[in-house]
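Structure at a glance
Listed below, chain by chain, are the residues.
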Amino acid sequence: MNEAIRRDAENPPQALGLPQLSVIVPTFNERDNVTTLFRRLETALEGMSFEVIFVDDNSPDGTWQVVRELARQDCRVRCIRRIGRRGLSGACIEGILASSAPCAAVIDADLQHDETQLPKMLSLLQADEADLVVGSRYVEGGSADSFNKQRAGASALATGVAKRVLRVGIADPMSGFFMIRRDRFEQLAPQLSTQGFKILLDVVATARGDLRVKEIPYSFGSRLHGESKLDSMVALDFLGLVLAKLTRDVVSLRFLLFAMVGSIGLFVHLGALFIALESLDLPFPQAQACGALSAMTSNFILNNFLTYRDQRLKGFAILRGLLLFYLVCSVGLFANVGVAFSVYDQEPIWWLAGAAGALMGVVWNYAMSGLFVWRKR
């Protein structure tokens, strides 16, 4: 064993041909960009030993096939094809954990990040001047002029919230272009969310000031091919991430969305109950059943669209999932009532008992829904 250690000391990673840098590229429908990006990385990292790991979420346009063809031509290219899993943050986490270099960079496949900054970022890490180097649009010399007015406003708002609420002390916590020491990332990885888009914000907020961070300026470019993956759901992801970090990850983003949908379901239940009683003139038991069925149906639709959109059920699976959701929520109703009665029997405060029962119901429904309805495939 001592002999092996001596051999390793005599042959540093560069001498053994191991990469100095792993570049992680999350992709979804980027087949027109991946080859161009790799050629640009070749030029920017000329003379360095590196690998590029494309993490593709089973793109319908066959991005993973283009990457596989690249990998056949160049052993520095690797492809992780994820099936049944979606999300930029999760892709970045899997890619970094699968890397073999001591430093890992994250860069988008849309050619909007400046790959020429990678050598400078790597030199800062190798000189032990930082644990994390961020490509920043908002420090002197950086630019986000390619943003339209709406996206610029949304970025500024999110950056302000991150700084004030999570006390993140960097200028561009929403950047998707950064490099980090892999050993430091592995320490943080178990606490990171696999959902959402803002992996850098999650890393910095989770580290709670325990990372040495440097920012270097770059100009955010314009997309050449494909369409942006950012949509209105990103706002929910961001809000959920902020709330999760405020609770020190006691409450997950997915649970928060599930609870929010459940709150909407309460209003649906009451609305349906009122209509059934006043307009349809149904007896209360039947009206209550209509209200419960309406709420469960709306909850299923919204959860399938929002909470579990990375595992969204389609086709015949929707009907099967709906029936399972009815079953799960029916059992959850018994759990709700049981806990409420137990609390009320010990402390006859109606709102306390009701809240305890509701909390038990949502926890049960969330756990069982993830296990049976939207389970990982």
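Structure shown above.
Below: a short report on this structure. This structure is a prediction, so every number in the text was calculated from the model and none was measured.

Going through the model one piece at a time under the given rule, you end up with seven aromatic pairs. Between F258 and Y366 the ring centres are 5.5 Å apart and the planes differ by 65°, which places this aromatic pair in the edge-to-face class. Of this pair, F258 sits in helix α10 (residues 253-278) while Y366 sits in helix α13 (residues 350-373), and the two are 108 residues apart along the sequence. You can call Y366 partly exposed: its relative accessible area is 21%. A centroid spacing of 5.8 Å and a plane angle of 55° characterise the contact between F300 and F325, whose relative ring orientation is tilted. Taken together, the positions of F300 in helix α11 (residues 284-307) and F325 in helix α12 (residues 316-346) put the pair 25 residues apart, joining distant regions of the chain. For F300, a relative accessible area of 3% translates into the label buried. Taking relative accessible area as the criterion, F325 reaches 1% and is therefore assigned buried. Members of the aromatic cluster, each reached through a chain of ring pairs, are F300, Y308, F325 and W374. Here R81 stacks its cationic end above the ring of W64, 3.6 Å away from the centre of that ring. Over the aromatic face of F220 sits the side chain of R137, whose NZ or CZ is 5.5 Å from the ring centroid.

Alignment of strand β2 (residues 50-56) against strand β3 (residues 77-81), held across five bridges, turns out to be parallel. Across the sheet, the residue bridging to V55 is I80, located in β3. Taking the sense of rotation as the criterion, the β-α-β connection linking β2, helix α3 (residues 63-73) and β3 turns out right-handed.

As paired elements, strand β4 (residues 103-106) and strand β6 (residues 178-181) share four bridges and run antiparallel to each other. Paired with A104 across the strands is I180, a residue of β6. Pairing of strand β5 (residues 132-136) with β6 involves three bridges; the strand directions are antiparallel. Within β6, the position partnered with V133 by the bridge is M179.

Using the criterion set out here, one finds 15 salt bridges in the structure. Among the salt bridges present, the one from E94 reaches R82, with a minimum N-O distance of 2.9 Å. Within this pair, whereas E94 is found in helix α4 (residues 88-97), its partner R82 is found in the loop between β3 and α4, the two being separated by 12 residues in sequence. One salt bridge connects R181 with D183, and the closest N-O pair in it is separated by 2.6 Å. The partly exposed category is assigned to D183, whose relative accessible area is 37%. Among the ionic contacts, a cluster of salt bridges with common partners joins D128, D131, R181, D183 and R212.

About the cut-offs
- Position labels on residues start from 1 in each chain and follow its written sequence.
- In view of the model being predicted, local features appear only for residues whose pLDDT reaches at least 70, and side-chain atom pairs are presented and counted only at 80 or more, with totals across whole chains, interfaces and linings using the full set of residues.
- The basis for the side-chain values is all heavy atoms of the structure; hydrogens and waters are excluded.
- We call Phe, Tyr and Trp rings a pair once their centres come within 6.5 Å, taking the six-membered ring for Trp, and we label the pair stacked below 30 degrees between planes, edge-to-face above 60, and tilted otherwise.
- Secondary structure is summarised from DSSP: a helix means a run of H or I of at least four residues, a strand means a run of E of at least two, and numbering begins at the N terminus for each.
- Here's how the labels work: a residue is buried when its accessible area is under 20% of the maximum for its type, exposed when over 50%, partly exposed in between, all with a 1.4 Å probe on protein chains only.
- Remark: a charge is flagged as sitting over a ring if the NZ atom of Lys or the CZ atom of Arg is within 6 Å of the ring centre and within 35 degrees of the ring normal.
- The pairing criterion is simple: DSSP has to find at least two bridges between the two strands.
- The handedness of a crossover follows from its direction of travel: if, with the strands pointing away from the viewer, the path from the first strand over the helix to the second runs clockwise, the crossover is right-handed.
- Salt bridges are identified by distance alone: a Lys or Arg side-chain nitrogen within 4 Å of an Asp or Glu carboxyl oxygen.

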